Structure formats: C-alpha cells, structure tokens
Amino acid sequence: MLRTLKEKIVVHIAYRNIFNAPVSSVECQKWLGVASDEIAAFNDSIKELIEENLIVEKDGFLCVPGQETIVDSQSRKEVLTKDLLAKGSKTLIRLSRLPFIKYIGVSGSVAANNPTLQYSKRGVEFVDLDLFVICKSNTLWLLFLVERVLTNIKKLFKGYHFYCFNYVTDETFLEVYNKNFFTATEINNLKTVYDNGIHSSFLSVNSWYNKYYNGSEDVIDGAKSSLSWTLILAPINFVFFALFCVGRALKRIELSPLLEIFGGFNPVQKCNFKRISNPNGGYQEAIKNKFRESFQTNFPQYYSEVIMEDLFPKATAFKFSPENNVYDRENAELFTKYTLNSNEKNPV
C-alpha cells in the first residue's frame, strides 16, 4: 500500500517514464488529491526527491535524471495532441450521430498528451486516435459492422485509418473487469468528445479507480440504462455476433469460436457479445513488467513488492499471461508484438 507522498509521486514518475513522458507537477497534485493545505508538504516531497538525486524538475515537469529531453519535447506533443483532437473532432461528432452511440472518448497515447508517430504500409506518417465507445443496448455488433466498413474504406484509400475502436462496450455492461493501475490510468486519461448522459454512470460503476487517482471528482450515480427501441434490434444484433463467431471458426478451422455464441462474457477473449476490448486490459502484462523495471532501477529505496501488489493486484488480474502458456492466439500476439521501445506506439 502506498503510504507516503513521496512513494505516490515516484510511482507516477516511474510509470510515465516507460512511455518516455514526464509528469506535470500540477497534474500530479490533481492525481494525488493534494488539498490546498497539503501543497507545502507536496512541494517538500519534491524537494527531498531532488536532493536525493532521484528526480529532476524542469519547466514544471518531473522526470528521472538523464531524461530531461522528454521535457523539451512535451510542448510539441501537447500541440500535436490539440491538433489531432481538432482534426478528429468533426469525424467523431459525425460518428456520434449514429443512433447506436452514447459516448465517445479518446484514450491511449493521445489522451495522455503523449502521441507517438507511426508509419502506414505506404510510408505515410500518422497518429491514430484510440477510441473508447459506449453504445446503446443491443447495438454493439451493428456498430461493429459499421465500424468495419468505415475502417476498411479508410485503409483502402489512405493505407491507414485515423481512428481505432480500442474499447467498445454495451451501456448495460459498464464495469471494467480488470482493476489495476494500468486500467485506472486509462479511465483517468479519457478525453470526452461526446456524452449522451452515460459517462457519469460509467465512472460510478468503476469508482474503484479513485484508489489510484484520488484527485478524481466524486461521481454520483448516473441515470439507469434505457432499453427502449433497441430491444427491436436485439435479434439482428445477435445474428451479426453469431456470424462473426462462425467466421472466426472457419478462418481458424476450430470449433471453439462457435462456443462463444452462447458462452456469455469471457474476459480473455477480445470479442464478446457485449464488449469488444483487448484481453488483460491490452498490454497490461508488458506494462507491468516494464514498470517494475523502471521502478526498481530509478527508485530502488522506494520499491517493494507490496506496492507492486497494490498497483497490480493478483485478485483482479487475469491468470492468463505469456508465462502461463496463453492458448488464445489474439492474446499471445498482443504480448509478443509489444516491446515498448521509444519509437513504437504507446498505449497510454
């Protein structure tokens, strides 16, 4: 359990260090819920960490010694973030007009003000927007069909798609299953583009994330989900999901995808009837290992397995990981393709 302000501060610095990103001193105060009468204690903790040669402070940002260049590039990243959000806003607002949509938020590296450039197969430089979407009940697979069509058209003409549906869930299935520092950071970083009264319900259901981001505002219970006309679409929605499972079975020449049709929610499967998301929170295991390395290397006197367990509790983590012979192909690919090098895509 994190006990002192200094422990809490170094956790955030060590975590963002693995993404080559500094920590804003102002943002850190907000994340830790530092009250006005605690600012002096916060500043004293920063001063002590600097005197211990564990961190440096530059232009209002905190980072580990030797990483000052990431502070120099932060202003450029923040400008790029604003440009990307402005560029994507028109498309996302149009997307929000689909009758299926209740919420659209930007997650991933852009939401963290830390966009990372990528290259398409045609050599075009781009940064995509990872989208967090909540759809109306009984419409997820109708939305997925629309998204596949739009995405493939974009890729056909441009060689890449500007946005990626990273996490899509039904309004009746709001709880984030895997509860830890990684997924809490994703929730905390969300940048809302469109909200039709569901975001407060989402935060209420996932109030556990305040354990990691104590500066988050208290959230009251939101409005209950309204099924209304979408009940009519339920059979069609189920048919599209069943066809998807059949397609996967044929592609893989396996029967197991057929069992998913009536299997309910399986957290280690990317695609479920009421949620499409990366298993294990996406790159959680890779992030956890990189964070441990960063924490131990840069702050050895503050590191402990007790803190690691508090941040990534085994009780709310999936038991499937590369070390445990992951049988799911999609899951295995997620862990093997991601190495967190500075020139690769950041998921936070």
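Residues numbered from 1 in each chain as written. Predicted model: local features only at pLDDT ≥ 70, side-chain atom pairs only at ≥ 80, totals over all residues. Heavy atoms only, no water.

**Student:** Which parts of the structure should I look at to understand the packing of aromatic side chains?
**Tutor:** Two measures describe an aromatic ring pair: the distance that separates the ring centres and the angle between the ring planes. According to the stated counting rule, one finds 19 aromatic pairs in the structure shown. Considering the side-chain rings of W141 and F244, the 4.8 Å spacing of their centres and the 40° angle between planes classify their relative orientation as tilted. With W141 in helix α7 (residues 140-158) and F244 in helix α10 (residues 234-252), the pair connects residues that are 103 residues apart, well separated along the chain. On the basis of relative accessibility, which here comes to 22%, the residue F244 falls in the partly exposed class. Site record: aromatic cluster; members linked through ring pairs are Y15, F19, W31, F181, Y212, Y213, F291, F295, Y303 and F312. (Phe/Tyr/Trp six-rings, centres within 6.5 Å; stacked < 30°, edge-to-face > 60°. Helix = DSSP H or I, 4+ residues; strand = E, 2+ residues; numbered from the N terminus. Buried < 20%, exposed > 50% of the residue type's maximum accessible area, 1.4 Å probe, protein only.)

**Student:** Please clarify how the sheet that holds strand β2 (residues 56-58) should be interpreted in this entry.
**Tutor:** Strand-to-strand pairing in sheets goes through backbone hydrogen bonds, with the strands running parallel or antiparallel. Ordered in space as β1-β3-β2, the three strands form an open sheet in which the pairing is antiparallel. Strands with a single pairing partner mark the edges of an open sheet, and in this sheet they are β1 (23-24) and β2. Pairing analysis gives two bridges linking β1 to strand β3 (residues 61-63), with the strands arranged antiparallel. Looking across to β3, one finds that S24 is bridged to F61. (Pairing = 2+ DSSP bridges.)

**Student:** Looking at this structure, I do not really get the nonpolar core. What am I missing?
**Tutor:** Side chains of nonpolar character tend, in soluble globular proteins, to be buried together. Core analysis: the biggest nonpolar cluster contains 49 residues, and I9, F202, F291, F295 and F299 have the highest contact counts within it. Going through the elements one at a time, α1 (5-17), α2 (25-32), α3 (39-51), β7 (129-135), α8 (181-189), α9 (199-205), α12 (284-298) and α13 (305-311) are the ones with two or more residues in this core. Per element, the largest residue contribution to this core is six residues, and it comes from α1. Look past the residues within four positions of F295 in its chain and what remains in contact with it is V10, V11, A14, P300, Y302, Y303, I307 and M308. Formed by 29 residues, the second largest nonpolar core is a distinct cluster that contains V110, V133, Y163 and C245. (Core = buried A, V, L, I, M, F, W, Y, C linked by side-chain atoms within 4.5 Å. Contact = heavy atoms within 4.5 Å.)

So far we have only geometry, and geometry alone does not tell us how the molecule works.
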